[in-house]
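# Observations on chain architecture
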Amino acid sequence: MKGKLIPRVFSLCCVTIFVLSLTGCNPTAGATTYEVLYPSGYTRDCYTYDEKSPIEGSSCYLQWEKADDYEETYDYDMQILDENGSVLYEYLDMGSRTMRGILQETDRIWVCTEDWTAPHHNGYLEGWLKESNLLLIDLSDGEILFQEKTCENEFYITTSGTRCYFYSHGKEESERLFGWIKVPAENAMIYYRDTSDWTRKHTVYSFDYVVEPDIDTSDGVETRIKFYISENQLKVAWTSYESVGNGNWEYLEKKAYEIPLTENASKFAKRK
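What follows is about the pattern of salt bridges. Within the structure shown, the criterion is met by 10 salt bridges. Across the pair Arg-224 and Glu-35 runs a salt bridge whose closest N-O atoms are separated by 3.0 Å. Of this pair, Arg-224 sits in strand E17 (residues 223-229) while Glu-35 sits in strand E1 (residues 33-37), and the two are 189 residues apart along the sequence. Glu-35 gets classed as buried once you look at its relative accessible area, which sits at 8%. Across the pair Lys-235 and Glu-253 runs a salt bridge whose closest N-O atoms are separated by 3.3 Å. Of this pair, Lys-235 sits in strand E18 (residues 233-245) while Glu-253 is found in strand E19 (residues 248-260), placing the two residues 18 residues apart along the sequence. The class for Glu-253 is partly exposed, based on a relative accessible area of 42%. Here the residues in one salt-bridge network are Glu-35, Asp-45, Glu-222, Arg-224 and Lys-226, joined through shared partners.

This part covers the sheet that holds strand E12 (residues 163-168). Across the sheet, which stays open at both edges, the 4 strands sit in the order E11-E12-E15-E16 with antiparallel pairing between neighbours. This sheet does not close on itself; its edge strands, each paired only once, are strand E11 (155-160) and strand E16 (197-206). The mean inter-strand angle of the sheet, taken between neighbouring strand axes irrespective of direction, is 30°. As paired elements, E12 and strand E15 (residues 189-194) share 6 bridges and run antiparallel to each other. By the bridge assignment, Arg-163 is partnered in E15 with Asp-194.

With that settled, consider the environment of Phe-146. Along the chain, the position of Phe-146 falls in strand E10 (residues 144-149). Given a relative accessible area of 15%, Phe-146 falls into the buried group. Beyond its immediate chain neighbours, meaning those up to four positions away, Phe-146 contacts Trp-110, Leu-134, Leu-135, Leu-136, Thr-195 and Trp-198.

Now for the nonpolar core. Soluble globular proteins tend to bury their nonpolar side chains together. By size, the foremost hydrophobic cluster in this structure holds 43 residues, and its most contacted members are Phe-155, Tyr-167, Ile-190, Phe-207 and Phe-227. In contact with Phe-227, not counting residues within four places along its chain, are Tyr-34, Glu-35, Val-36, Leu-37, Phe-155, Ile-157, Tyr-167, Leu-234, Lys-235 and Val-236. Core analysis: the second largest hydrophobic core is formed by 17 residues, Trp-64, Met-78, Met-99 and Leu-135 among them.

Basis of the calculations
Residues numbered from 1 in each chain as written. Predicted model: local features only at pLDDT ≥ 70, side-chain atom pairs only at ≥ 80, totals over all residues. Heavy atoms only, no water. Salt bridge = Lys/Arg side-chain N within 4 Å of Asp/Glu carboxyl O. Helix = DSSP H or I, 4+ residues; strand = E, 2+ residues; numbered from the N terminus. Buried < 20%, exposed > 50% of the residue type's maximum accessible area, 1.4 Å probe, protein only. Pairing = 2+ DSSP bridges. Axes fitted to C-alpha atoms, helices over the stretch in contact; angles between N-to-C directions. Contact = heavy atoms within 4.5 Å. Core = buried A, V, L, I, M, F, W, Y, C linked by side-chain atoms within 4.5 Å.

In structure tokens, the structure reads:
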């Protein structure tokens, strides 16, 4: 009996391995991707691997370099370059391969260095953001005027004045203590943290969905949220990457939200 069982178990294992090899074990399969679009036309998504990226609104650039002890620590240095590519300032062990920068006012920039854990992508996959480091830097002398880390999956969008705006995907309803306590679902939202009181979250807009809005993406191969940033407004557009004929593919907009970045944003937000 035992002699017959072993071949059967071996055969079952072989079949299982073969099926897994066909279907793949991609943990990011089906995850919504993000894309940030700035007024200048610069965009960043999960397929952006540039070593050098422009600082929006300025002539300077951000660049990452492997730290001297990279083989042991996997740390990166962050450099700020001028318009000619010369290094203005360097910050050891403070960089990452996913960095964004935006000019807030003359000689002051906000820099966001992000730590994503998604394999085969350079970040921008929903649910895979470990943490970010936000810095306010004075370009006149390189001094760091403000620095704070963010929470897991707290996706930085932009800064206006002393307010740093974030997008957070929702949370499904859950249970605790063997079902005795039910934790209600939380909708996705836009909120800000103020540099004067970083621990508090101020809700700007609560979306009408938890995971995704009621849209048809059945013909698409990728669902993407596009964040269009302007001076006083944020547009959040849900899109689906679909065939439009003749071998062409496009991100088709399914639903969009226009959110003013003002004190009355939640009152005047528009849905499309």
